[in-house]
Amino acid sequence: MKNLRVLIVGNGGREHALAWKLAQSPELEQLFVAPGNAGTVMWNVPIPTQDIPALIEFALKEKIDLTLVGPEDPLSLGIVDAFHEAGLRIFGPTQAAAQLEGSKSFAKTIMESAQIPTAAWAIFEDPLPAKAYVRSIGAPCVLKADGLAAGKGVIVAMDLETALQAVDEIMDGGFGSAGKKLVIEEFLEGQEVSLLCFSDGVTACPMVPVQDHKRALEGDLGLNTGGMGTYSPPPIWTAELEASVMKDLVAPTLQVMSARGTPFQGVLFLGLMLTQRGPKLLEYNVRFGDPETQVVMKRLKSDLLPILWACTEGRLSEVELEWKEEVAVCVVMAAPGYPLAYAKGIPIHLPELQGSDSVIFQAGTGISEGQLLSTGGRVLGITAEGKTLQQAREKAYVLVEKIDFPKAHYRRDIGVKGL
Ligand code: AMP
Ligand code: GLY
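Residues numbered from 1 in each chain as written. Chains lettered and ligands numbered in written order. Predicted model: local features only at pLDDT ≥ 70, side-chain atom pairs only at ≥ 80, totals over all residues. Heavy atoms only, no water.

(A) Broad picture of the overall build of the chain. The helix and strand inventory of the chain stands at 12 helices and 21 strands. Taking 419 residues into account, the globule formula puts the C-alpha radius of gyration at 22 Å, and the chain, at 21 Å, falls close to it. Taking all 419 residues of the chain together, the buried fraction comes to 58%. At a minimum sequence separation of 6, the contacts of the chain that also span at least 24 residues come to 68%. Approximately 17100 Å² of the chain is accessible, and the part contributed by carbon and sulfur atoms is 52%. Looking at the chain, you have 37 positive and 50 negative side-chain charges, and the mean spots of the two groups are 2 Å apart. (Helix = DSSP H or I, 4+ residues; strand = E, 2+ residues; numbered from the N terminus. Rg over C-alpha atoms; globule rule 2.2 N^0.38 Å. Buried < 20%, exposed > 50% of the residue type's maximum accessible area, 1.4 Å probe, protein only. Contact = heavy atoms within 4.5 Å. Areas by Shrake-Rupley, 256 points an atom, 1.4 Å probe, with all protein chains shown as cover. Lys, Arg positive; Asp, Glu negative; His and termini not counted. Charge placed at Lys NZ, Arg CZ, Asp CG, Glu CD.)

In structure tokens:
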């Protein structure tokens, strides 16, 4: 493999981080990002992530050797199956395997057959029995829309009244078809860790562990978001923990997926809760995390391209991954109001980064008449590394202060749990 032409599908901070990393590969000839953002402007092609026929047409015309899919929606729509049918190489799970993220009830069924430790759960299609169940288990409990809801379909109810309201909120049509079925779960307590693994269907290789900050406000308060910041590695993670998660959670998942004829190739991302009674699986994602990828790519020493290539050929067992010792931190700067209604079109000025090893990954950004503007909720991911978590945090926050982004919303406590 030499002189590869690579297409990344997506337009978030995750895709900017993947593009930044792939652009450093000696195996790369040309990179494209569809549709990308202002951070990936030199590689952008204006094709929406869900326009699978147009992506295939582009990949055939441009003789793309490998396509890498960032977000979950095109995976759930079957982009991988469609590329395979067109004879194109693509990194990511098929539509059948992507159900691990696309349907929470499917995920729970797989966890059950693979005997994976997870929260006790029940599924409902009508609000009345759902409410009766909520009353029987009491609060706290967790209510989840069954389908994809961009990380916002989960309500952690600390009291009974909130839980009962959540049943109506999710099932009353506010979440569309994602809310037709409702999953109600036992509340688990502990620290969360995201573990992303490369998988070729048979072999899985863990990436470095990451702690995300899902809530909008400092101290883990406020609404759930797509993620307000990350750091890696969280000190709570140990080599023994990793070995047991790979053996008891990841390997059985791959086995069950293969046995049912839907092997999992791509990134298998475990959302773990480290409880007093061991690690429990909150959820699967079937893709790189955002903003997990920003710190993972910052710490990956190896070339990413041969790893992705090996996954598409079932040769991951031949690949060695190398990671930097440095700690990495990513602070997300969001539009004021996010995750609720937020303003767009806010002008942003970025400082020069000459001589710095920090990176500003862009997410919801665009350019209009030469001016950088916000176009989405999560806008920038300020990513820094250091010998210690303290150092990495300091570097990230010094850079945050230098960014001219009026009324930006960000958390000042990213990584504090790890200090
Ligand atoms: P999910 O999309 O299923 O990962 O849920 C989003 C967030 O809700 C998770 O990252 C947790 O912070 C929280 N959460 C989900 N399930 C549970 C649970 N069973 N117990 C406690 N918190 C949960
Ligand atoms: N940051 C969590 C996710 O990508 O789902």
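(B) Structural context of the pattern of salt bridges. Taken as a whole and assessed by the stated rule, the structure comprises 23 salt bridges. Note that Glu313 and Arg89 form a salt bridge whose closest N and O atoms lie 3.2 Å from each other. On the criterion of sequence distance, the pair formed by Glu313 in the loop between α11 (304-312) and β17 (327-334) and Arg89 in the loop between α4 (79-85) and β4 (90-91) is long-range, its members being 224 residues apart. Glu313 gets classed as partly exposed once you look at its relative accessible area, which sits at 36%. Judged by relative accessible area, Arg89 falls into the partly exposed class, the value being 25%. Between Glu385 and Lys298 there is a salt bridge whose closest N-O contact spans 2.9 Å. Remark: Lys298 occurs in helix α10 (residues 292-299) and Glu385 occurs in strand β21 (residues 378-386); sequence separation between them is 87 residues. Of the two residues, Glu385 and Lys298, neither departs from the other in class, the shared state being buried. Salt bridges sharing common partners tie together Arg89, Glu313, Arg315 and Glu318. (Salt bridge = Lys/Arg side-chain N within 4 Å of Asp/Glu carboxyl O.)

(C) Main features of empty space enclosed by the protein. Going through the model one piece at a time under the given rule, you end up with 1 cavity of 30 Å³ or more. Taken as a whole, the largest cavity spans an internal volume of roughly 30 Å³. Every residue along the wall of the largest cavity is listed here: Val69, Leu75, Phe91, Gly92, Pro93, Gly266, Val267, Val286, Arg287 and Phe288. Looking at the lining of the largest cavity residue by residue, the class counts come to 7 nonpolar, 2 polar and 1 charged. (1 Å grid on protein atoms, 1.4 Å probe; cavity = no way out; pocket = protein on both sides within 12 Å on 5 of 7 lines; lining within 4 Å. Points joined across faces, edges and corners; volume = space filled by probe spheres on them. Nonpolar A, V, L, I, M, F, W, Y, C, P; charged D, E, K, R; others polar.)

(D) Structural detail: the environment of Thr375. Mapped onto the elements, Thr375 comes out in the loop between β20 (371-374) and β21. By relative accessible area, which is 39% here, Thr375 ends up partly exposed. The spacing of Thr375 and Lys214 is 161 residues in sequence and 21 Å in space, taken between C-alpha atoms. Setting aside residues up to four positions removed in sequence, Thr375 forms contacts with Lys344, Gly364, Thr365 and Gly366. A polar atom in the side chain of Thr375 sits 3.2 Å from the backbone nitrogen of Thr365. (Polar contact = N/O pair within 3.5 Å; in protein donor to acceptor, adjacent residues only side chain to side chain.)

(E) How the structure looks around the site of ligand 1. Lining the immediate environment of ligand 1, one finds 16 residues, of which Lys144, Glu185, Leu188, Glu192 and Glu283 sit closest. Here a nitrogen atom of ligand 1 sits 2.8 Å away from a polar atom, N or O, in the main chain of Leu188. At a separation of 2.8 Å, an oxygen atom of ligand 1 approaches a polar side-chain atom of Lys214. Counting residues per element, the ones that place at least two in the shell around ligand 1 are β6 (141-145), β7 (154-157), β8 (182-186) and β16 (278-285). Taken together, the residues of the shell around ligand 1 sort by class into 8 nonpolar, 1 polar and 7 charged. (Near = heavy atom within 4 Å.)

(F) The arrangement of the packing of aromatic side chains in detail. A complete count under the given rule lists 7 aromatic pairs for this structure. On the numbers, 5.5 Å between centres and 80° between planes, the contact of Trp20 with Phe361 is edge-to-face. Residue Trp20 is located in helix α1 (residues 13-22), and its partner Phe361 is located in strand β18 (residues 359-362); the two are separated by 341 residues in the primary sequence. Overall, Trp20 belongs to the partly exposed group, its relative accessible area being 24%. Within the aromatic cluster, the residues linked to one another by ring pairs are Phe91, Phe198 and Phe288. When the ring centre of Trp309 is taken as reference, the NZ or CZ atom of Arg89 above it lies at 3.8 Å. (Phe/Tyr/Trp six-rings, centres within 6.5 Å; stacked < 30°, edge-to-face > 60°. Lys NZ or Arg CZ within 6 Å of the ring centre and 35° of its normal.)

(G) Quick look at the nonpolar core. Core analysis: the biggest nonpolar cluster contains 48 residues, and Ile79, Leu100, Leu270, Leu272 and Tyr284 have the highest contact counts within it. Counting residues per element, this core draws most heavily on helix α9 (residues 239-259), which supplies 8 residues. Not counting the four nearest positions on each side in its chain, Leu272 is found in contact with Gln191, Glu192, Val193, Leu195, Trp237, Val245, Leu249, Lys280, Leu281 and Leu282. Among the nonpolar cores identified, the runner-up in size contains 43 residues, and Ile8, Leu68, Val295 and Cys311 belong to it. (Core = buried A, V, L, I, M, F, W, Y, C linked by side-chain atoms within 4.5 Å.)

(H) Representation of the site of ligand 2. Within the structure, ligand 2 sits among Asp212, Lys214, Gly226, Phe269, Asn285, Arg287, Gly289, Asp290, Pro291 and Glu292. In this structure, a nitrogen atom belonging to ligand 2 sits 3.0 Å away from a main-chain N or O atom of Gly226. Within the side chain of Arg287, a nitrogen or oxygen atom sits 2.8 Å from an oxygen atom of ligand 2. Burial of ligand 2 by the protein chains amounts to 90% of its free accessible area of 190 Å². Its residues assigned to classes, the shell around ligand 2 shows 2 nonpolar, 3 polar and 5 charged.

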